[in-house]
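Structural characterization, general
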Amino acid sequence: MPELPEVEVIRRGLASTLTGRRITRVVIQNRRLRLPLPRGRLKGWVEGGEVTSVSRRAKYLLITMESGARLVIHLGMSGRLAVVTAGTPPRDHDHVRFVLDGGLELRFNDARRFGSVQVVTPEGGDGAGLFAGVGPEPFSRAFSATYLLARTRERKRPIKNLLMDGTVVAGIGNIYANEALFVAGIDPVRPAGELDRDDCRRLVRGCRQVLERAIACGGTTISDFVNSSGVAGSFQCELQVYGRDGEGCRRCGSPIRRRVLAGRAAYSCPGCQR
Ligand SMILES: [Zn+2]
């Protein structure tokens, strides 16, 4: 499942390809995604318009058109966005094709159909509540040690579960929560309320460090992530704990252990994390 770094890697690829280009035609192959594709809005607000910017909020990609309308895309579990040359044979599960000027096409492919493509009009139509309750971006000033300390007070949940809660901080899933806790030297099972200010400072820094490095590596490819040009990421080679149960810690040599928290695997080093 793509997490924040993978979505950011795709955003960067799309920003350089799409900005200033016109979407000349929208071809809908299959409307039945997690949310039905808004055919009328795609035809009325996106077709024929020029892309002015590509941004990201949490794990949503926001493609802004010259009209001020926004195409809002979520990749779900298996969604892919690929820029290909027009005439490239369609693949199974290509649900929408955005035909671009200059002989290119942007294709949204999603085998499991948990992804979504929405259109928010310049007046905000159908964007209501889209980002309501979404926590601060990990790279924003709002995600500070003071903020995290406040959000963890009196909380008995393991810190790893809290970190993966999108209302606390946006876009951190299982891989990066495990890695950030290792960098911060904090045991994933520790009750969140036990963290002190210094722990929170190290954890905020750990999240940013891990996410930044993953973006620089083009994301993490465990099963099939590729960027918008079809290139896999390489951060999986730098994982310190995720998926390494039984292997030696790269820092102290202790075997990495795997436990299950809220149904998700928690990996940690008993020597480096308290
Ligand atoms: Zn260790």
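Description of the structure in this document. (Residues numbered from 1 in each chain as written. Predicted model: local features only at pLDDT ≥ 70, side-chain atom pairs only at ≥ 80, totals over all residues. Heavy atoms only, no water.)

1. A short note on the pattern of salt bridges
Side-chain pairing between opposite charges can occur once the charged atoms of the two side chains come close. Tallying each qualifying case throughout the model produces 21 salt bridges. Of the charged contacts, one joins glutamate 50 and arginine 22 as a salt bridge, the two residues approaching to 3.4 Å between their closest N and O atoms. Pair noted here: glutamate 50 is in the loop between α2 (39-46) and β2 (51-57) and arginine 22 is in the loop between α1 (4-18) and β1 (23-28), with a separation of 28 residues, a long-range link. Residues arginine 202 and aspartate 198 are paired through a salt bridge, measuring 2.9 Å at the closest nitrogen-oxygen approach. Placement of the pair is arginine 202 and aspartate 198 together in helix α6 (residues 197-216), with a separation of 4 residues, close to one helical turn. You can call arginine 202 partly exposed: its relative accessible area is 26%. The network of salt bridges with common partners includes Glu8, Arg11, Arg12, Arg56, Arg57 and Glu137. (Salt bridge = Lys/Arg side-chain N within 4 Å of Asp/Glu carboxyl O. Helix = DSSP H or I, 4+ residues; strand = E, 2+ residues; numbered from the N terminus. Buried < 20%, exposed > 50% of the residue type's maximum accessible area, 1.4 Å probe, protein only.)

2. Describing the coordination of the zinc ion
Only Cys249 (SG), Cys252 (SG), Cys269 (SG) and Cys272 (SG) from the protein reach the zinc ion as donors, at distances of 2.2 to 2.4 Å. One chain supplies every donor for the zinc ion, spaced along it as C-x2-C-x16-C-x2-C. Taken together, the positions of cysteine 252 in the loop between α6 and β9 (257-261) and cysteine 272 in the segment after β10 (264-268) put the pair 20 residues apart, joining distant regions of the chain. (Donors = N, O, S within 2.8 Å, 3.2 Å for Na, K, Ca; no water.)

3. Looking at unusual backbone geometry
Even without glycine at this site, histidine 93 takes up a positive phi of about 70°. Mapped onto the fold, histidine 93 is located in the loop between β5 (79-85) and β6 (94-100). According to the relative accessible area criterion, histidine 93 is partly exposed, its value standing at 40%. Phi at aspartate 126 takes a positive value of approximately 65°, unusual for a residue other than glycine. Note that aspartate 126 resides in the loop between β8 (116-120) and α3 (145-152). Overall, aspartate 126 belongs to the exposed group, its relative accessible area being 55%.

4. Observations concerning the sheet that holds β8
One open sheet holds the 4 strands; their spatial order is β2-β3-β4-β8, and the pairing between them is antiparallel. The sheet is open, and its two borders are formed by β2 and β8, each paired with just one other strand. Along the sheet, successive strands turn relative to each other by an average axial angle of 20°, direction set aside. Note: strand β4 (residues 70-74) against β8, 5 bridges, orientation antiparallel. Bridged to leucine 71 within β8 is valine 119. Of the strands in this sheet, β2 and β3 (60-65) are in contact with α1, which crosses β2 at around 175°. Here α2 sits on the sheet in contact with β3, β4 and β8, set at roughly 55° to β8. (Pairing = 2+ DSSP bridges. Axes fitted to C-alpha atoms, helices over the stretch in contact; angles between N-to-C directions. Contact = heavy atoms within 4.5 Å.)

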